[in-house]
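Take a look at the letters that make up each chain.
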Amino acid sequence: MDWGKIAQQRLNEIAKCSLPSAGVTRFPFTKEHELAIGVIKGWMEQANLSVSMDAAGTLIGQTQGSPEARTFLIGSHQDSVRDGGRYDGIMGIVLGCLALEKLKTEGINLPFTVEVLAFADEEGVRFPTALMGPRSLAGTFDPKDLDLKDRDGVSLRNALAEFGGKPEKLLALKRKSQNILGYLEVHIEQGPILENQNSALGVVSGICGIERHEVTFVGETGHAGTVPMSSRRDALLAASEFIVAVNHNAMMQEQVRTTVGSLQLWPDIVNAIPDKVALTLEIRALDDQQRREVQSKAQNLISIVSQKYDVSGTIKCTYSQPAVLCDEGLSLSLKAATLNYCSNTLNLPSGATHDASAMADLCPIAMLFVRCKEGRSHTPLESVTEEDMAASINTVADFLKGFQGQLVR
């Protein structure tokens with residue numbers, strides 16, 4: 001069978017479960033999500049999986065194993081950003097189902113249970129939180145997040161309940177780690193490295209840690225035509241020099257990413273000197289110590305430019321997530337499984353957060369990246385070839401078959 005062609009057809013089909021938009025717009029616990037659930041259920045049944053939905057709205061397709069068998073998990077998310085592409089997240093669910101369907105056609109009966117997990121919300125677009133599904137399984141979900149609301153004032157609690165979930169039973173979803181063999185997530189790379197190296201597949205070494213900060217510079221405003229240049233206390237000049245310096249420092253370190261993604265200034269009029277600037281600084285790195293060192297240098301830079309321009313500068317951490325390393329044994333097995341389908345499989349870190357980062361609190365994790373055209377993601381221009389998807393389906397199937405001799409005792 002042409003597994004890559006089937007995957008492309010399925011992705012084209014489920015892309016229609018979307019709000020009218022330039023690409024795919026599918027938020028959790030909406031009509032579009034409900035339509036997608038119906039489609040995914042059909043994929044799972046085609047692979048001879050029993051299907052259920054848990055209290056967090058995660059759709060689960062399970063192989064028919066013995067009750068005492070341990071379980072291996074394959075997962076990804078069904079939701080998208082606004083005007084997103086048709087591969088990010090949902091492709092991992094498609095490929096997981098097809099890998100199990102391939103094993104079914106080959107008459108392979110695995111000596112352990114496999115579950116394909118279609119998580120409801122990874123992007124965090126509708127509600128100011130994410131990863132409820134995997135965090136519930138790992139026992140790390142904070143029930144206070146159920147009170148968070150979307151732009152229409154609908155709480156996560158009410159949206160989940162109306163969708164058929166059970167907010168009051170989320171804590172009971174926690175799995176026992178001794179029953180779980182591991183977790184695998186297949187995802188588009190969301191970057192250009194695989195394409196640049198002419199590699200269809202990549203094995204992820206880990207998921208970068210993230211920290212976000214609010215940085216503020218406060219100076220003094222005045223008339224743009226009357227205050228001499230030498231006596232100005234221009235907050236925007238300080239902020240500008242800080243941004244350039246932070247970027248330069250990150251360029252000197254290969255595995256660090258720093259981004260100033262939001263900037264506001266006051267009074268924000270054409271003929272007045274800016275007296276206040278607020279900006280966001282995000283730092284990502286696979287090495288947490290390296291990330292902390294970059295933050296320390298940023299704090300020092302704030303002091304330097306504040307003194308230079310006679311302004312005050314502050315930095316406040318608003319979010320912090322530690323790095324997560326993929327399991328060495330699973331990663332080695334995954335890379336071995338790629339060898340018949342990809343001659344130069346790369347090892348690379350993930351700069352983006354995935355459901356796997358939350359699942360790491362439950363069990364060993366592994367991730368397989370699939371090449372995407374020009375590294376584009378979160379855009380209708382996302383594109384993955386049928387050949388590369390076929391390679392990943394075959395890889396996952398071989399990876400699972402390899403478990404019989406490596407993980408099951």
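Structure first, text after, so check above.
In this report, we go over the structure that sits alongside the text. (Residues numbered from 1 in each chain as written. Predicted model: local features only at pLDDT ≥ 70, side-chain atom pairs only at ≥ 80, totals over all residues. Heavy atoms only, no water.)

## Some points on the overall build of the protein chain
The helix and strand tally for the protein chain stands at 11 helices and 14 strands. Compactness check: the protein chain gives a C-alpha radius of gyration of 24 Å against a globular reference of 22 Å for 409 residues, within 12% of the reference. Projected onto its principal axes, the C-alpha positions of the protein chain cover 80 × 45 × 40 Å. Within the protein chain, the fraction of its 409 residues that count as buried is 54%. For the protein chain, the accessible area works out to roughly 18400 Å², and carbon and sulfur atoms hold 49% of it. Mean positive and mean negative side-chain charge positions of the protein chain (39 and 49 charges, respectively) differ by 2 Å. (Helix = DSSP H or I, 4+ residues; strand = E, 2+ residues; numbered from the N terminus. Rg over C-alpha atoms; globule rule 2.2 N^0.38 Å. Buried < 20%, exposed > 50% of the residue type's maximum accessible area, 1.4 Å probe, protein only. Areas by Shrake-Rupley, 256 points an atom, 1.4 Å probe, with all protein chains shown as cover. Lys, Arg positive; Asp, Glu negative; His and termini not counted. Charge placed at Lys NZ, Arg CZ, Asp CG, Glu CD.)

## Here we look at the environment of Ser 333
Looking at where Ser 333 falls in the secondary structure, it is placed in helix H9 (residues 328–338). Take Ser 333: its relative accessible area is 17%, and that puts it in the buried class. On a C-alpha basis, the gap between Ser 333 and Asp 398 in space is 9.5 Å, while along the polypeptide they are 65 residues apart.

## Concerning the environment of Ile 269
Turning to its location among the elements, Ile 269 is positioned in the loop between strand S9 (263–266) and strand S10 (276–285). Among the residues examined, Ile 269 registers a relative accessible area of 47% and is labelled partly exposed. Spatially, the C-alpha atoms of Ile 269 and Ala 224 are 9.9 Å apart, while their sequence positions differ by 45 residues.

## Concerning the pattern of salt bridges
Applying the stated criterion across every chain yields a total of 17 salt bridges. As a salt-bridge pair, Glu 211 and Arg 291 come within 2.7 Å of each other at their nearest N and O atoms. Taken together, the residues Glu 211 in strand S7 (residues 209–218) and Arg 291 in helix H8 (residues 288–309) connect sequence positions 80 residues apart. For the pair shown, Glu 211 and Arg 291 are each scored as buried. Among the ionic pairs, Arg 291 bridges to Asp 288, the shortest N-O distance being 2.7 Å. Of the two residues, Arg 291 and Asp 288 are both situated in helix H8; the distance of three residues between them amounts to about one turn of the helix. Exposure class is identical for Arg 291 and Asp 288. Each is buried. A network of salt bridges, in which partner residues are shared, links Lys 102, Glu 106, Asp 398 and Lys 401. (Salt bridge = Lys/Arg side-chain N within 4 Å of Asp/Glu carboxyl O.)

## Focus: the state of the cysteines
Tallied over the full model, the rule gives zero disulfides. We note that Cys 208 lacks a disulfide partner, and the nearest cysteine sulfur, in Cys 326, lies 11 Å from it. The exposure class of Cys 208 is buried, given its relative accessible area of 6%. Unpaired in this structure, Cys 372 has its nearest cysteine sulfur neighbour in Cys 342, at a distance of 14 Å. Owing to a relative accessible area of 1%, Cys 372 belongs among the buried residues under this scheme. (Disulfide = S-S within 2.5 Å.)

## Here's the deal with helix H2 (residues 31–46)
In a regular helix each residue adds 1.5 Å, so 16 residues correspond to 22 Å; H2 covers 23 Å between its end C-alpha atoms and thus fits that length. By the burial criterion, the buried members of H2 are Glu 32, His 33, Ala 36, Ile 37, Val 39, Ile 40, Trp 43 and Met 44. If you follow the buried residues of H2, they end up packed against helix H1 (3–14), strand S1 (50–53), strand S2 (59–62), helix H3 (90–105), strand S4 (113–119) and helix H5 (156–163). Taken from the residues just after H2, Asn 48 is the one with a positive phi, measuring 65 degrees. (Expected span 1.5 Å × (residues − 1). Contact = heavy atoms within 4.5 Å.)

## Quick word on the packing of aromatic side chains
Applying the stated criterion across every chain, the model contains three aromatic pairs. Ring geometry for Phe 72 and Phe 399: centres 5.7 Å apart, planes at 65 degrees, overall edge-to-face. Separated by 327 residues along the polypeptide, Phe 72 in strand S3 (residues 71–77) and Phe 399 in helix H11 (residues 386–406) bring together distant segments of the chain. Residue classification places Phe 72 among the buried residues on the basis of a relative accessible area of 0%. Positioned above the aromatic ring of Tyr 319, the side-chain terminus of Arg 212 is 5.1 Å from the ring centre. (Phe/Tyr/Trp six-rings, centres within 6.5 Å; stacked < 30°, edge-to-face > 60°. Lys NZ or Arg CZ within 6 Å of the ring centre and 35° of its normal.)

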